[in-house]
Amino acid sequence: MEPVVELNNVSKSFKGFTLKDFSLTVRKGFVHGFIGGNGVGKSTTIKLIMNLLEPDRGEVSVFGLSYKDHEKEIKQRIGFVYDEFVFYEHLSLAEMKDIVKRAYKTWDDDLFYEYVNTFQLPLKKPMKTFSKGMMMKASLTIALSHHAELIIMDEPTSGLDPIFRRELLEVLRSLMEDGGKTIFFSTHITTDLDSIADYITFIHNGEHIFTKDLFEMNEDYALVKGELELLDEETEQEFIGIQRNSFGFVALTDHKERVEDVFGDTVLIEEPSLEDIMFYTKKGAADYVQLNS
Amino acid sequence: MFNLIRKDIVMQKKTLAILALALCVYLALGVSSIWVGLIFSIVMITNTFSLDEKSNVHMLLNSLPYTRKQIVSSKYVVAVLFTLLVALALFVGNLVFHGEITLWKHLLIMMILVFIAASFILPFSYQYKSQYLFVASIVAFGAYMLLVNTLIPNLNDLIREKVYIILTTTTPSLYVGMVVLVGCLYGFSWIVSIRIYEKKVF
């Protein structure tokens, strides 16, 4: 499978934050979700992919090309949506379109108006009067109107109402039906990904925790519930993260079959949500740090 | 890059119309052309710059298929175009209001002063933000006053005298020299701004 985005051992340091030896591959034709809490490096990674930041070390390539020699060529093929307001506040959507369209060789006015109609966006109102949801729709309309091969979105669903979140996912799904397109988007609302993502990358404190396909995750991961007596030094090794309370324990494992063999009927095994996976992985990492420091 | 230049001009449409009106008023009142031209050109250049600083527009521009070099260069070209436009407006305005042909020397001095100012304003704005220009100009004014009050008490007279010499001289080589010198300064500033902008984090 052809990689569209490749980050190889990329490091980037800021005051109080470091992205460490981060590697990531986004494959062509798939929806790739990028999850992690607030301030763990999701936006930094997206900015590195967009060449808004240069890595201190490591390589970034998009469509197999490097930004150093092919910056314009790469950006012609990307559609982007940011969490922040990046447009001229006093301009209307129609005026903003006139500025952006000239930058792209493949801009399609018909497609633009199609999205404007779908999202019922006002063309003449200054964009500063747009609500968060309208702003996101406008960003998406601009991002999708030049037949981009790669759509990169930073937290597109944050702060949106559930109805629009569904609408957005629907648009993304229909976009993928045409084939050949790739979507990479970050979110901390993991339920968005359950229905649409093919691959998931989890980042925590600037470190790549895992990249897995969603099917594989459902096969491997399990949420295990049982009594505290079942836990000892040996059995605890089976889990990524454990939460104890007076009733028993809840833990996450990434080798479901083995846990089924070890514990048999003594525990309750459930399918974890992405949120569970994030929570216990984070908890496991924190406990590990506590134990070893 | 043409699109970036076009964008800056189109976005200043309304400001241009208001400034054109104000320019007429100043000319009708008989304020010095050099002074009016200098102020108007600098206002237009800094206004173009501050529009891009609002609400993360630099993130947008850098995500579109433009290089950082193009984004900076477009501003330097736009600054030249705006200054030429102001010079043209002054020429036409003086002709209409006073029925006189503006001396080319006056227009040239005005443009030279604008380019000297822009050579400092643009890299400063790329390094910091144009909103700090006001603070910087107050500091610069303070430094100038300190200089006048302590080291060179007759600095104002000296400048006035030099400007008078430049305006009355008939040696073309002096003008050519000034144009080349200011051209070099502007070019150097252009390169410095590109360097600053290429290292910028968004």
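In this text the structure is predicted, and so the values were computed from the model without any measurement.

Draft legend 1. Broad picture of a negative patch on the surface. Residues and elements named next belong to chain A. On the surface, Glu216, Glu219, Glu257, Glu260 and Asp261 cluster together into a negatively charged patch. Looking at the negative patch, the elements with two or more residues in it are helix 8 (214–220) and helix 10 (256–263). Relative to the helices and strands, Glu216 resides in helix 8.

Draft legend 2. Broad picture of the interface of chain A and chain B. At the interface, 27 residues of chain A touch 24 residues of chain B. For chain A, the biggest contributors to the area lost against chain B are Leu52, Tyr88 and Arg102 of chain A; these three give 27% of the whole. Our enumeration of links across chain A and chain B arrives at 8 residue pairs in polar contact (both at pLDDT 80 or more). Contributing elements (two or more residues each) for the side of chain A that touches chain B: helix 2 (67–76) and helix 3 (93–101) of chain A. For the side of chain A that touches chain B, the per-class residue count stands at 16 nonpolar, 3 polar and 8 charged.

Draft legend 3. Region of interest: the packing of helix 6 (residues 104–127) of chain B against helix 9 (residues 172–198) of chain B. All names here are of chain B. Here helix 6 crosses helix 9 at 20°, and the two axes come no closer than 9 Å. When the axes of helix 6 and helix 9 are compared, the pair comes out roughly parallel. Seen along the crossing, helix 6 lies across helix 9 with a hand that is left-handed. Across the contact of helix 6 with helix 9, the residue classes break down as 20 nonpolar, 4 polar and 1 charged.

Draft legend 4. Layout of the nonpolar core. If you look at the biggest cluster of nonpolar residues, it comprises 136 residues, and the most contacted ones within it are Val62, Ile78, Tyr88, Leu93, Met96, Ile183 and Ile200 of chain A. The element best represented in this core is helix 6 of chain B, accounting for 11 residues. Counting contributing residues per domain, this core is built from domain 1 (3–213) and domain 2 (221–292) of chain A, each supplying no fewer than three. Filtering out sequence-adjacent residues up to four positions away, Tyr88 of chain A remains in contact with Met96, Ile99 and Met127 of chain A together with Lys7, Met11, Leu51, Asp52, Val57 and Leu61 of chain B. Within the second largest apolar cluster, 9 residues are counted, among which are Val224, Leu231, Phe249 and Ala251 of chain A.

Draft legend 5. Highlighting the sheet that holds strand 11 (residues 222–226) of chain A. All names here are of chain A. On the basis of which strands lie adjacent, the open sheet formed by 4 strands has the order 12-13-11-14 and antiparallel pairing. On the outer flanks of this sheet lie strand 12 (241–245) and strand 14 (268–270), each paired with one strand and no other. Direction aside, neighbouring strands of the sheet carry axes that sit 20° apart on average. Alignment of strand 12 against strand 13 (residues 248–253), held across 5 bridges, turns out to be antiparallel. For Ile242, the partnering residue across the bridge sits in strand 13 and is Ala251.

Draft legend 6. Seen up close, helix 9 of chain B. Here helix 9 of chain B spans 39 Å end to end across 27 residues, near enough to the 39 Å set by a 1.5 Å rise per residue. Within helix 9 of chain B, burial applies to Tyr175, Met178, Val182, Tyr186, Ser189, Ser193, Ile194, Ile196 and Tyr197 of chain B.

Draft legend 7. Region of the structure containing the UniProt feature "domain: ABC transporter" (unreviewed entry) in chain A. Under the feature "domain: ABC transporter" (unreviewed entry), the UniProt entry names residues 5–230 of chain A. Secondary structure content for residues 5–230 of chain A is 35% helix and 30% strand, while the C-alpha to C-alpha distance between its ends is 44 Å.

Draft legend 8. The pattern of salt bridges, seen in detail. Going through the model one piece at a time under the given rule, you end up with 16 salt bridges over all chains. Across the pair Asp83 of chain A and Lys132 of chain A runs a salt bridge, and its minimum N-O distance is 3.0 Å. Separated by 49 residues along the polypeptide, Asp83 of chain A in the loop between strand 6 (78–81) and helix 3 and Lys132 of chain A in helix 5 (residues 132–144) bring together distant segments of the chain. Look at Lys132 of chain A and you get partly exposed, because its relative accessible area is 37%. Measuring nitrogen to oxygen at the nearest pair gives 2.8 Å for the salt bridge that ties Lys75 of chain B to Asp8 of chain B. You can see Lys75 of chain B sitting in helix 5 (residues 68–98) and its partner Asp8 of chain B sitting in helix 1 (residues 2–11), a full 67 residues away along the chain. Each member of the pair, Lys75 of chain B as well as Asp8 of chain B, is classed as buried. Where salt bridges share partners, they join Lys7, Asp8, Asp52 and Lys75 of chain B into one cluster.

Draft legend 9. Region of the structure containing the domain arrangement of chain A. All names here are of chain A. Each domain of chain A was delimited in the assignment, giving domain 1 (3–213) and domain 2 (221–292). Carbon and sulfur atoms supply 78% of the area buried between domain 1 and domain 2, which totals about 900 Å² over both sides. When the buried area of domain 1 at its contact with domain 2 is split by residue, Thr190, Phe202 and His204 rank highest and sum to 45% of it. Across the domain 1-domain 2 interface, the total number found is 0 salt bridges. For the pair domain 1 and domain 2, the interface holds 0 residue pairs in polar contact (both at pLDDT 80 or more).

Rules of the game
- Residues numbered from 1 in each chain as written.
- Chains lettered and ligands numbered in written order.
- Predicted model: local features only at pLDDT ≥ 70, side-chain atom pairs only at ≥ 80, totals over all residues.
- Heavy atoms only, no water.
- Patch = residues over 30% accessible without salt bridge, like charges linked within 9 Å, V, L, I, M, F, W, Y side chains within 5 Å.
- Areas by Shrake-Rupley, 256 points an atom, 1.4 Å probe, with all protein chains shown as cover.
- Salt bridge = Lys/Arg side-chain N within 4 Å of Asp/Glu carboxyl O.
- Lys, Arg positive; Asp, Glu negative; His and termini not counted.
- Charge placed at Lys NZ, Arg CZ, Asp CG, Glu CD.
- Helix = DSSP H or I, 4+ residues; strand = E, 2+ residues; numbered from the N terminus.
- Contact = heavy atoms within 4.5 Å.
- Buried area = accessible area lost by both parts, 1.4 Å probe.
- Polar contact = N/O pair within 3.5 Å; in protein donor to acceptor, adjacent residues only side chain to side chain.
- Nonpolar A, V, L, I, M, F, W, Y, C, P; charged D, E, K, R; others polar.
- Axes fitted to C-alpha atoms, helices over the stretch in contact; angles between N-to-C directions.
- Parallel < 35°, antiparallel > 145°, perpendicular 65-115°, else oblique.
- Left-handed = near helix turned anticlockwise from the far one by under 90°.
- Core = buried A, V, L, I, M, F, W, Y, C linked by side-chain atoms within 4.5 Å.
- Buried < 20%, exposed > 50% of the residue type's maximum accessible area, 1.4 Å probe, protein only.
- Domains from an automatic or database assignment.
- Pairing = 2+ DSSP bridges.
- Expected span 1.5 Å × (residues − 1).
- UniProt positions renumbered as here; feature names shortened; annotations may be inferred.

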